[in-house]
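# Residue-level structural notes
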Amino acid sequence: MKFFVDTADVNEIQELNDLGLIDGVTTNPSLIMKSGRDIQEVTKEICAIVDGPVSAEVTATEYDAMMKEAAVLAKIADNICIKLPLTLDGLKACRALVSDGHQTNVTLCFSANQALLAAKAGASFISPFIGRLDDMAMDGMDLIREIRQIYDNYGFDTEILAASIRTVNHVREAALIGADVATIPASTIKALVKHPLTDKGLENFLADWKKTGQKIV
């Protein structure tokens, strides 16, 4: 499973990229606002850091306006992936952009039917929101399972990009189900390495090593 980091914080992206842990980046209007920076400026900087797709989201809601914004975003860098809302206008824009050779990420997916439409529109990625479904007392992972089944049934190339991930368990479950990608907050990616038995084992090894009085270097 590929890891995208869900942030517009350049420092977080640089750190994780240097560790070799990320394959791409997703941003959205809320993350751009949080960064406090100009969307084109910060997106260009992000695209220079990572080789993989960088999702940049349109803010227009009508087709013609979406296409105008997408044209601006696409010029930022070759690895831009145009992020579009899962609406009829968004799907229409998706089809047009894919036909022009652009990557697309259809976002705000909350049903298998929506995911089916996105795949038929040729989306590069579909972003089902796990955490927001959990907030409504629904199981977000059920949606991932349904989409995986449908895409496998018909051989769709659209990649399942598990989004709105909030816990390390979300990552594990999405990987077990077969999501192609998970877009994850930087803090959650770092938390994946943690386990109390790892910490305890390392503590014991270091204590025993100290008793030997040896040094490797």
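Residues numbered from 1 in each chain as written. Predicted model: local features only at pLDDT ≥ 70, side-chain atom pairs only at ≥ 80, totals over all residues. Heavy atoms only, no water.

On the surface, Trp 209, Ile 216 and Val 217 cluster together into a nonpolar patch covering about 410 Å² of accessible area. Locating Trp 209 in the fold gives a position in helix α11 (residues 196–212). (Patch = residues over 30% accessible without salt bridge, like charges linked within 9 Å, V, L, I, M, F, W, Y side chains within 5 Å. Areas by Shrake-Rupley, 256 points an atom, 1.4 Å probe, with all protein chains shown as cover. Salt bridge = Lys/Arg side-chain N within 4 Å of Asp/Glu carboxyl O. Helix = DSSP H or I, 4+ residues; strand = E, 2+ residues; numbered from the N terminus.)

Around the barrel, eight strands lie side by side as β1-β2-β3-β4-β5-β6-β7-β8; this closed barrel has parallel pairing. Here the average twist between neighbouring strands, direction ignored, is 30°. In terms of strand pairing, strand β5 (residues 103–109) meets strand β6 (residues 125–128) through three bridges, oriented parallel. From the neighbouring strand, Val 106 faces β6, where its bridge partner is Ile 126. Of the strands in this sheet, β2 (24–26), β3 (54–57) and β4 (80–85) touch helix α3 (residues 39–49), which is tilted by about 170° from β3. (Pairing = 2+ DSSP bridges. Axes fitted to C-alpha atoms, helices over the stretch in contact; angles between N-to-C directions. Contact = heavy atoms within 4.5 Å.)

Turning next to the UniProt feature "active site" (unreviewed entry) in the protein chain. Per the UniProt record, "active site" (unreviewed entry) is found at Lys 83. Its place among the elements puts Lys 83 in strand β4. Since its relative accessible area comes to 5%, Lys 83 is described here as buried. Not counting residues within four places of it along the chain, the set of residues in contact with Lys 83 comprises Thr 26, Thr 27, Asn 28, Ser 55, Ala 56, Glu 57, Val 58, Asn 105 and Thr 107. (UniProt positions renumbered as here; feature names shortened; annotations may be inferred. Buried < 20%, exposed > 50% of the residue type's maximum accessible area, 1.4 Å probe, protein only.)

Tallied over the entire structure, the rule returns four aromatic pairs. Taken together, a centroid distance of 5.7 Å and an interplanar angle of 70° make the contact between Phe 4 and Phe 125 edge-to-face. Within this pair, whereas Phe 4 is found in strand β1 (residues 2–6), its partner Phe 125 is found in strand β6, the two being separated by 121 residues in sequence. As far as the burial class goes, Phe 4 and Phe 125 line up, both buried. A ring pair is formed by Tyr 151 and Phe 156, whose centres lie 5.7 Å apart and whose planes are at 70°; its orientation type is edge-to-face. (Phe/Tyr/Trp six-rings, centres within 6.5 Å; stacked < 30°, edge-to-face > 60°.)

The final tally for this structure, using the stated rule, is zero disulfides. The structure places no disulfide on Cys 47, whose sulfur is separated from the nearest cysteine sulfur, that of Cys 81, by 10 Å. Take Cys 47: its relative accessible area is 7%, and that puts it in the buried class. In this structure Cys 94 is a free cysteine whose sulfur lies 9.1 Å from that of Cys 81, the closest cysteine sulfur available. When its relative accessible area of 0% is taken as the criterion, Cys 94 is described as buried. (Disulfide = S-S within 2.5 Å.)

Quick look at helix α9 (residues 168–177) now. Looking at α9, one finds that the buried residues are His 170, Val 171, Ala 174 and Ile 177. Summarising the axial view, the buried residues of α9 lie within an arc of 135°, below the 170-degree limit, and thus occupy one face. Summarising the contacts, the buried residues of α9 are in contact with β1, α7 (130–135), α8 (140–154), β7 (159–162), β8 (181–184) and α10 (186–191). (Arc of directions from axis to C-beta.)

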